[in-house]
Amino acid sequence: MSNNYKELFHQDCRHFKGYRPCDVHKKTQIECPECQHYSPWDKKFLIIKQGELGDVLRTTPLVRAIKETHPNCYIVWLVEEKAKECVLRNSFIDEVVIYHPSILQRFMIEEYDTVICLDKDIASITVATLAKAQVKMGFGMDKTGKVIPLNKEAEHKWATGISDNLNKKNPLTYQEQIFEITGYKPSSNEYIFSLPNISKVFSQEFSDNHNLTANHFIIGFNTGVGSKFLPRKWLTKYYIELAGILENYCNSNGIKYKILLLGGKSEEDRNNYIYTQCINNGNKDIIDTGTKNSLEEFFGLISLCNIVVTSDTMGMHVSIALKKKIVVLMGPITTSSIDVYNLGPMITSNEHNCLGCFRDTCDMPYQCMDAIKPEVVFNEVKKHISTIVK
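Note that the structure is predicted; figures quoted are calculated from it, not measured.

J.: Even after reading the chapter, I still don't get the sheet that holds strand β11 (residues 325–329), so can you show me in this structure?
T.: Within a sheet, adjacent strands bond to each other through the backbone by hydrogen bonds, running parallel or antiparallel. What the 6 strands build is an open sheet, ordered β9-β8-β7-β10-β11-β12; its pairing is parallel. The strands lining the two open edges of the sheet, one partner per strand, are β9 (286–288) and β12 (346–347).

J.: Honestly, helix α12 (residues 295–304) in this entry has me stumped. Any pointers?
T.: Since the α-helix turns once every 3.6 residues, residues separated by three or four places project in the same direction. The buried fraction of α12 amounts to 9 of the 10 residues, a majority that puts the element mostly inside the structure. Those residues of α12 that sit buried are L295, E296, F298, F299, G300, L301, I302, S303 and L304. If you follow the buried residues of α12, they end up packed against α2 (53–59), α9 (197–209), β7 (217–222), β8 (257–262), β10 (307–311) and α13 (314–321).

J.: Looking at this structure, I do not really get unusual backbone geometry. What am I missing?
T.: Across the chain, the bulk of peptide bonds are trans and the bulk of non-glycine residues have phi less than zero. One non-glycine residue, N211, lies in the positive phi region at around 55°. Along the chain, N211 turns up in the loop between α9 and β7. Using a relative accessible area of 59% as the deciding quantity, one classes N211 as exposed. Backbone geometry at Y341 places phi at a positive 55°, although glycine is not the residue there. Checked against the element boundaries, Y341 lands in the loop between β11 and β12.

J.: What exactly am I supposed to notice about the sheet that holds strand β3 (residues 95–98) here?
T.: The 6 strands lie next to each other as β3-β2-β1-β4-β5-β6, forming an open sheet whose pairing is mixed. Every other strand in the sheet has two partners, leaving β3 and β6 (147–149) as the edge strands with one partner each. Taking each pair of neighbouring strands and ignoring which way they run, the sheet shows an average axis angle of 30°. Inspection of the sheet shows strand β1 (residues 44–48) paired to strand β4 (residues 111–117) by 4 bridges, in the parallel sense. Its bridge partner lying in β4, L46 is registered against V115.

J.: Honestly, the pairing of β8 in this entry has me stumped. Any pointers?
T.: Counting buried residues along β8, 6 of its 6 residues qualify, which places the element largely inside the surrounding structure. Alternating residues of β8 divide into Y257, I259 and L261 and K258, L260 and L262, and every residue in both groups is buried. Where β8 meets β9, 3 bridges bridge the pair, whose relative direction is parallel. If you follow L261 over to β9, its bridge partner there is D288. In this view, the connection linking β8 to its parallel neighbour β9 by way of helix α11 (residues 268–280) has right-handed handedness.

Cut-off values and rules
- Residues numbered from 1 in each chain as written.
- Predicted model: local features only at pLDDT ≥ 70, side-chain atom pairs only at ≥ 80, totals over all residues.
- Heavy atoms only, no water.
- Pairing = 2+ DSSP bridges.
- Helix = DSSP H or I, 4+ residues; strand = E, 2+ residues; numbered from the N terminus.
- Buried < 20%, exposed > 50% of the residue type's maximum accessible area, 1.4 Å probe, protein only.
- Contact = heavy atoms within 4.5 Å.
- Axes fitted to C-alpha atoms, helices over the stretch in contact; angles between N-to-C directions.
- Right-handed = clockwise from strand over helix to strand, strands pointing away.

Okay, here's the thing in structure tokens:
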């Protein structure tokens with residue numbers, strides 16, 4: 001055996017870890033010189049997209065585009081712990097790094113060919129600014145601690161993030177904006193997402209426990225919007241009315257169906273009220289899935305649905321990632337910024353001239369989301385029922 005131990009290992013292989021045996025060696029016990037899985041990389045990319053789960057999911061088309069342009073590159077994705085499941089099984093990503101303040105030390109040493117930061121929070125732009133790279137795209141930090149565009153192509157998205165007036169006029173979807181920033185042209189801009197095994201097991205157990213079968217048309221009511229985006233919330237009473245309309249239609253036409261109430265901790269009281277009112281109204285085909293499900297369990301619940309009624313939230317993006325039919329209730333956000341991949345309509349009010357205001361709060365006496373009537377939403381859901389239920 002050579003005394004020059006460095007010669008024993010392919011340190012430029014994407015499987016090489018540098019501190020423990022790689023997964024291939026663990027499985028085969030084959031040493032590097034004889035390994036047929038040797039896969040050298042030539043360029044190294046760092047993508048920083050961390051927090052909002054929906055935004056992480058809709059950024060995933062970028063790695064496909066990068067790999068199409070640089071097939072042998074090595075892609076590192078920096079993400080928050082809460083959003084890691086959105087990228088962990090992505091075959092285009094070579095390494096997922098979970099953010100922690102101590103991780104800054106790594107990025108001050110490690111060298112990249114390109115750093116792409118698509119977040120504007122302090123942690124993300126700090127990493128982007130400190131990281132060593134020949135090329136930087138997206139957003140970083142200046143000497144005053146403010147967000148700055150790192151390349152000319154990022155100035156448009158930087159400006160629309162500062163001015164609501166510019167944002168209202170922006171004709172580009174989020175995906176089009178990130179490709180504008182980076183210059184990549186993907187063969188497809190669809191989300192890249194694989195359902196975790198734990199989600200598959202959970203969905204099967206849930207189906208068994210609630211006697212759900214392939215003959216059921218399953219409608220998800222994703223009632224949450226998050227505490228930051230309250231103007232996007234549809235009226236509680238409208239969900240109850242929609243459930244009643246669906247009950248009458250499905251029962252009259254002999255359609256087996258179930259409604260799944262979906263939401264997080266913030267929706268506990270809201271969903272309990274919707275469920276109780278529906279039961280009191282005689283609707284027995286509604287299931288409150290709970291509001292304390294893990295992210296993986298939430299994925300599993302969405303996977304059971306034939307269609308999901310939702311606002312522009314993380315649940316919408318998960319539905320898109322799983323290619324579920326959707327009816328999206330839109331108000332404060334412009335429809336031009338969202339790509340729903342022909343999975344369903346985006347419904348807006350025709351009674352307001354302030355749509356797409358991007359406001360966090362609303363002082364209007366009659367809000368845009370209130371003008372989206374249950375009958376309109378039902379008609380869109382009905383179209384999907386007719387295409388699936390024969």
